[in-house]
Amino acid sequence: MSGYREIVKLLAANTGAKRMSEVFDNFVEMAALALRNAAEVRGSETWEAREVQYLQVAGDYSRAELDRFAHALALVTMEVDRESCDVLGRLYMGLELGGEWLGQFYTPFDIARLIAEMQIESVAATVRENGFADIYEPTCGAGSFIVALSQAMLENGLNPQTQLHVTAEDIAPQAVHMIYIHLTLLHIPAVVRRRDILTLETFEAWPTLAHVLGGWGQRLRLNQAVRGSRRLLITTPQERRSSGTLPALATSPQGADASAPLGNESSTRADLSWANRRGDTRFGFSPAPPTSRR
């Protein structure tokens, strides 16, 4: 735990006239922006926009304070490597930055770990069938469950860097930044979206470097097309008419939802979700049948 204490000391040294909550938010935002731009085309419009955003945040800190942030990120990286857990979520709650008045309660990692161990057999079965598990997490927070699942996969002879893809969503920018840092440091292919899951409005989508380098956009589209083909082969015309299922592959070589964004939840094999809002912490996991559409 010495790494955690050192991170707290570094962040506290940067407070000055600022609140710790502001310093923490600025820290994870700058770290996430730097990691995100590593997966972007240098000099592109979006790359430049993130550079401007980074410099605006960094402008409120001195050179010495920015060096402390860099040191803190190095320690976060070392903690993730030493002990696979949601380092930033644990740090956030340890600093008492969340609470009922904010409606934020990040899931304790021990609970996330227990749920992951309970569901690893279902995930392993999906990997055996499809070659990888495609996970949708609609209220991701700092990503404790995904981190716990990646650890459970490793312990069961699976590789989360090649056999797991994650679509993670949260409406809070802070949560998006934290889970993006975790997934990037763990080199897990993922698309992280800042999204309102009630209105389905998407504000931004951040692919991890592992998603980009692994060609996961094409891989997910191919998997969707294969699943569409299976539906056509295993259902009779009468069943398709009664269920309203259309032969999507007859109109699109990319499957039923070719216009959907990468990592779309309609191709999810397993729906992993928990809502931890306004004091209500609930967890749920339900393997989705091949024909499920959300």
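Calculation notes
- Residues numbered from 1 in each chain as written.
- Predicted model: local features only at pLDDT ≥ 70, side-chain atom pairs only at ≥ 80, totals over all residues.
- Heavy atoms only, no water.
- Core = buried A, V, L, I, M, F, W, Y, C linked by side-chain atoms within 4.5 Å.
- Buried < 20%, exposed > 50% of the residue type's maximum accessible area, 1.4 Å probe, protein only.
- Contact = heavy atoms within 4.5 Å.
- Helix = DSSP H or I, 4+ residues; strand = E, 2+ residues; numbered from the N terminus.
- Right-handed = clockwise from strand over helix to strand, strands pointing away.
- Pairing = 2+ DSSP bridges.
- pLDDT = per-residue confidence, 0-100.
- Salt bridge = Lys/Arg side-chain N within 4 Å of Asp/Glu carboxyl O.

> Explain the nonpolar core here, please?
The tendency in soluble globular proteins is for nonpolar side chains to be buried as a group. Core analysis: the largest hydrophobic core is formed by 67 residues, its most contacted members being Leu-11, Phe-24, Phe-27, Phe-69, Leu-149 and Leu-164. Beyond its immediate chain neighbours, meaning those up to four positions away, Phe-69 contacts Leu-11, Asn-14, Val-23, Phe-27, Met-30 and Tyr-61.

> Honestly, the pairing of strand β3 (residues 190–196) in this entry has me stumped. Any pointers?
The side chains of a regular strand alternate, first on one face of the sheet and then on the other. Within β3, six of the seven residues are buried, which leaves it mostly tucked inside the rest of the structure. Handedness of the strand β2 (residues 164–170)-helix α8 (residues 173–185)-β3 crossover: right-handed. Relative to strand β4 (residues 201–207), β3 runs antiparallel, the two being bridged by six bridges. Looking at the pairing, Val-191 lines up with Pro-207 of β4.

> Honestly, the environment of Ala-116 in this entry has me stumped. Any pointers?
Turning to its location among the elements, Ala-116 is positioned in helix α6 (residues 109–130). Residues Ala-116 and Val-147, 31 residues apart in the sequence, show an inter-C-alpha distance of 9.2 Å. Setting aside residues up to four positions removed in sequence, Ala-116 forms contacts with Phe-145, Ala-148, Leu-149 and Ala-152.

> What is the right way to look at the confidence of the model for the protein in this model?
Low-confidence regions, as indicated by low pLDDT, have predicted coordinates that should not be scrutinised in detail. Residues at a pLDDT of 70 or more form 77% of the protein, whose mean pLDDT is 81. A low-confidence stretch, residues 247–294 (pLDDT under 50), is modelled with 121 contacts involving residues beyond four sequence positions or located in other chains.

> Honestly, the pattern of salt bridges in this entry has me stumped. Any pointers?
Two side chains bearing opposite charge may form a pair once their charged atoms approach each other closely. This model, assessed by the stated rule, comprises twelve salt bridges. In this structure, the salt-bridge partner of Arg-36 is Glu-40, at a minimum N-O distance of 3.2 Å. For Arg-36, a relative accessible area of 4% gives the class buried. According to the relative accessible area criterion, Glu-40 is partly exposed, its value standing at 21%. Residues joined by salt bridges that share partners form a network here, namely Glu-79, Arg-82, Glu-83 and Arg-90.

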